[in-house]
Amino acid sequence: MKWTVVLIALALPAAAQPAFGPPQVITTSALNAECVHAADLDGDGDADVLSASWADDKIAWYENLGNGTFGPQQIITTSAAAAGRVHAADLDNDGDTDVLSASAADNKIAWYRNLGGGMFSTQVVITTAAQAAQDVCPTDLDGDGDMDVLSASYADDKIAWYENLGGGTFGPQQVITTAANGAASVHTADLDNDGDRDVLSASVLDDKIAWYENLGGGAFGPQQIITTNAAGASCVHAGDLDGDGVVDVLSASYTDDKIAVYMNLGGGTFGPQQVLSGPFGSPTSTDGAQSVCATDLDADGDADVLSASGNDQKIAWYENIGGVFATQQVLTSSAPGARSVCATDLDGDGDRDVLSASFFDHTIAWYEDLMGIPAPPCPSGSCLDLIGTATISNTPSLLLQTPATNSPCYVFADTQTGAVPLGTLGFSQIAFTPNLVAVATPSPAFGGSLAFPYTDANGEWAFAFPIPNDPTLIGFSVHLESYVFDVFPPLPPNGLFWQSNLLSLTIQ
């Protein structure tokens, strides 16, 4: 028998929630947190967390203890005055991951050798000639197999690089440009598809997103402007957003509140600015955009977009739907002075979780990706599993698993961030005749309510209910009405808002 599932959303709530868990705090001891990054620092196979914090001059790390739990702050240095950025790479080619920092008050680009066992060397200075150093990025620029270093520095308008001479020693500063007025961000990608790493920059004072062609042998071409329409350009990133095999460009700009993309047209040319999130007050707003990155959050094979915006305290994402982006979905609006965002698998479940750094509450936090949460096992053996995988505001998609005639139960799992069952769920069934014409009166009929559904360690819930063992039952409808309450501050009373989500499923 061929089984199909038809789902009709009979009532949809007005407020949307993305399929991410609430903020889970790693630390509040990163004073004026500026940057967060993830890398396996202790060589145990999971992603640890790094932070840079401005007010306490700290570069620190937090050990991933497994299952999304983290150890206390471990300080690598307090000698990075006004620390602004942190990154990680194997700089000395010894097989472990070292740490890089950029600090503005001492004009430093520096690195810290990984000594093993979670220990790091004292600060090794690469340069103090990056005035008001803002950003640092490791990459192999000269194609010799080791990691060179890029920097962006605000006060001297420089994008520069430092050749790795082997063993973690670096050559003098080599200036790529001094035409990035108020240089704030640097990134690298193969933009012209010639096999080497080109350079991208964002500069605050001239509103520029620009790129510099890698000509080989450590030489770079002149500045090529992608846009001057990113007012207060604070961050640049890259990723293949439209699936055409070439790398596109993203920007975050603070003054005009924009998260934007620029499609790579080939040959080093880029299309016009496409705004994903516009000025404050628009439906997909970011107020004070600070950070942007591209990563596949929903495991559908394309690169989605993440953003951090400081004035509205938001960490948000934008789903990529074939090179077109859905409206902003907010992970949190409680990250005051949100400065930095990135994504990696933190809990070892195979999907991409999100990390943020927020300046005013000194917080490094993470958000669990719930989109791939499986249903719990059917308590009665074989079952028909229905797994809700979309947000509550959209028509959910259901995955039909292990279909079997007269299966003893359903499992329906909730993956909505913040959704908590009030304790009961009503259900009813209408039988079909063999020719799939529904009878007017449910016959046979079953129904009832369920209390205290299954809840796992992460707070996701599911429930299972029986289906009669009736050999004449070849199709049926199930009507589910669940009552949940979600936290949508500042809706009264006390920020709580209850809603009914009524769904009708037909299986035949």
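**Q** What should I look at first to understand the overall build of the protein chain in this one?
**A** Scanning the protein chain from terminus to terminus reveals zero helices and 48 strands. The burial tally for the protein chain puts 56% of its 508 residues in the buried class. Partitioning the intrachain contacts of the protein chain with sequence separation of at least 6 by distance along the chain shows that 48% fall at a separation of at least 24. Carbon and sulfur atoms make up 55% of the accessible area of the protein chain, which totals about 19600 Å².

**Q** How should I be thinking about the confidence of the model for the protein chain in this particular structure?
**A** A low pLDDT score tells you not to read the predicted coordinates there in detail. Averaged over the protein chain, the pLDDT score is 76; the fraction of residues at 70 or greater is 68%. Across residues 373–508, where pLDDT falls below 50, the model places 312 contacts with residues more than four positions away in sequence or in other chains.

**Q** Please clarify how the sheet that holds strand E13 (residues 133–139) should be interpreted in this entry.
**A** Across a sheet, paired strands are connected by hydrogen bonds in the backbone, their directions being either parallel or antiparallel. With antiparallel pairing, the four strands of this open sheet are ordered in space as E13-E14-E15-E18. With partners counted over all chains shown, the strands left at the sheet margins are E13 and strand E18 (174–177), one partner each. This sheet shows a mean twist of 25° between the axes of neighbouring strands, independent of strand direction. Bridge count for E13 against strand E14 (residues 148–153) is six bridges, and the pairing is antiparallel. Following the sheet pairing, Ala-133 is matched in E14 by Ser-153.

**Q** What is the right way to read the packing of aromatic side chains from this model?
**A** For any two aromatic rings, the description comes down to two numbers: the centre-to-centre distance and the angle of the planes. This model, assessed by the stated rule, comprises eight aromatic pairs. Centre to centre, the rings of Trp-111 and Phe-170 are 6.4 Å apart; their planes meet at 70°, and the pair counts as edge-to-face. On the criterion of sequence distance, the pair formed by Trp-111 in strand E9 (residues 108–112) and Phe-170 in strand E17 (residues 169–170) is long-range, its members being 59 residues apart. What makes Trp-111 buried here is its relative accessible area of 1%. Residue Phe-170 is classed as buried on the basis of its relative accessible area, which comes to 16%. The interplanar angle of 70° and the centroid separation of 6.4 Å between the aromatic rings of Trp-211 and Phe-270 together place this pair among those described as edge-to-face. One end of the pair, Trp-211, is in strand E21 (residues 208–212); the other, Phe-270, is in strand E29 (residues 269–270), with 59 residues separating them in the sequence. Owing to a relative accessible area of 15%, Phe-270 belongs among the buried residues under this scheme.

**Q** Even after reading the chapter, I still don't get the sheet that holds strand E33 (residues 314–318), so can you show me in this structure?
**A** What the four strands build is an open sheet, ordered E31-E32-E33-E36; its pairing is antiparallel. Where the open sheet ends on each side, the last strands, each with one partner, are strand E31 (289–295) and strand E36 (329–332). Going across the sheet, the axis of each strand differs from the next one's by a mean of 25°, ignoring polarity. Bridge count for strand E32 (residues 304–309) against E33 is five bridges, and the pairing is antiparallel.

**Q** Where do I start with unusual backbone geometry in this structure?
**A** Excluding glycine, most residues fall at negative phi; most peptide bonds, likewise, are trans. With phi around 60°, Ala-82 is a residue other than glycine that occupies positive phi space. Mapped onto the elements, Ala-82 comes out in the loop between strand E6 (69–77) and strand E7 (83–89). Positive phi, close to 60°, is recorded for Asp-157, a residue that is not glycine. For Asp-157, the position within the fold is in the loop between E14 and strand E15 (158–162).

**Q** Quick question: what am I supposed to make of the pairing of E15 here?
**A** Taken residue by residue, a regular strand's side chains alternate between the two faces of the sheet. Extensive coverage of E15 is indicated by the burial of five of its five residues. Here E15 shows two buried faces, one formed by Lys-158, Ala-160 and Tyr-162 and the other by Ile-159 and Trp-161. Bridge count for E14 against E15 is five bridges, and the pairing is antiparallel. Opposite Val-149, over in E15, you have Tyr-162 as the bridge partner. Hairpin connection between E14 and E15: a loop of four residues separates the two successive antiparallel strands, and Asp-157 in this loop has a positive phi of roughly 60°.

**Q** How should I be thinking about the pattern of salt bridges in this particular structure?
**A** If you walk through the whole model with that rule in mind, you get nine salt bridges. Lys-208 is the partner of Asp-206 in a salt bridge, and the nearest nitrogen-oxygen pair spans 3.5 Å. Assessed through its relative accessible area of 13%, Lys-208 is described here as buried. Notably, a salt bridge pairs Lys-258 with Asp-256, separated by 3.5 Å at the nearest N-O pair. A relative accessible area of 12% means that Lys-258 is categorised as buried.

**Q** Sorry if this is basic, but what is going on with the environment of Asp-40 here?
**A** When you line up the elements, Asp-40 lands in the loop between strand E3 (33–39) and strand E4 (48–53). Asp-40 sits in the partly exposed class, given a relative accessible area of 26%. When the C-alpha positions of Asp-40 and Thr-97 are compared, they lie 6.9 Å apart, and in sequence the two are 57 residues distant. Contacts of Asp-40, omitting those with residues within four sequence positions, involve Gly-45, Asp-46, Ala-47, Asp-48 and Thr-97.

**Q** Would you mind showing me how to read the environment of Ala-303 here?
**A** Structurally, Ala-303 can be placed in the loop between E31 and E32. Distance in space between the C-alpha atoms of Ala-303 and Gly-243 is 8.5 Å, their sequence separation being 60 residues. Apart from residues no more than four positions distant in its own chain, Ala-303 is found in contact with Asp-240, Leu-241, Ala-294, Thr-295, Asp-296, Asn-320 and Phe-325.

**Q** Just checking my understanding: could you explain the pairing of E32 for this structure?
**A** Counting buried residues along E32, six of its six residues qualify, which places the element largely inside the surrounding structure. A two-sided burial pattern is seen for E32, the buried positions comprising Asp-304, Leu-306 and Ala-308 on one face and Val-305, Ser-307 and Ser-309 on the other. In this structure, E31 lies alongside E32, joined through six bridges in antiparallel fashion. The residue of E32 that forms the bridge with Ala-294 is Val-305. In this structure, the hairpin formed by E32 and E33 is closed by a connection of four residues, where Gln-313 is found at a positive phi of approximately 65°.

**Q** Please explain the side chain of Thr-188 as it appears in this structure.
**A** Inspection of the secondary structure assignment puts Thr-188 in strand E19 (residues 183–189). Engagement of the side chain of Thr-188 in a polar contact is seen with the backbone oxygen of Asp-198, the distance being 2.9 Å. For Thr-188, the residues in contact, after removing those within four places along its chain, are Cys-137, Thr-139, Leu-141, Leu-150, Arg-197 and Asp-198.

**Q** How should the environment of Pro-138 be read in this particular structure?
**A** Note that Pro-138 resides in strand E13. By relative accessible area, which is 11% here, Pro-138 ends up buried. Along the sequence, Pro-138 and Trp-161 sit 23 residues apart, while their C-alpha atoms lie 9.4 Å from each other. Beyond its immediate sequence surroundings of up to four residues, Pro-138 is in contact with His-87, Ala-88, Ala-89, Leu-91, Leu-100, Met-147, Asp-148 and Val-149.

The rules behind each value
- Residues numbered from 1 in each chain as written.
- Predicted model: local features only at pLDDT ≥ 70, side-chain atom pairs only at ≥ 80, totals over all residues.
- Heavy atoms only, no water.
- Helix = DSSP H or I, 4+ residues; strand = E, 2+ residues; numbered from the N terminus.
- Buried < 20%, exposed > 50% of the residue type's maximum accessible area, 1.4 Å probe, protein only.
- Contact = heavy atoms within 4.5 Å.
- Areas by Shrake-Rupley, 256 points an atom, 1.4 Å probe, with all protein chains shown as cover.
- pLDDT = per-residue confidence, 0-100.
- Pairing = 2+ DSSP bridges.
- Axes fitted to C-alpha atoms, helices over the stretch in contact; angles between N-to-C directions.
- Phe/Tyr/Trp six-rings, centres within 6.5 Å; stacked < 30°, edge-to-face > 60°.
- Salt bridge = Lys/Arg side-chain N within 4 Å of Asp/Glu carboxyl O.
- Polar contact = N/O pair within 3.5 Å; in protein donor to acceptor, adjacent residues only side chain to side chain.

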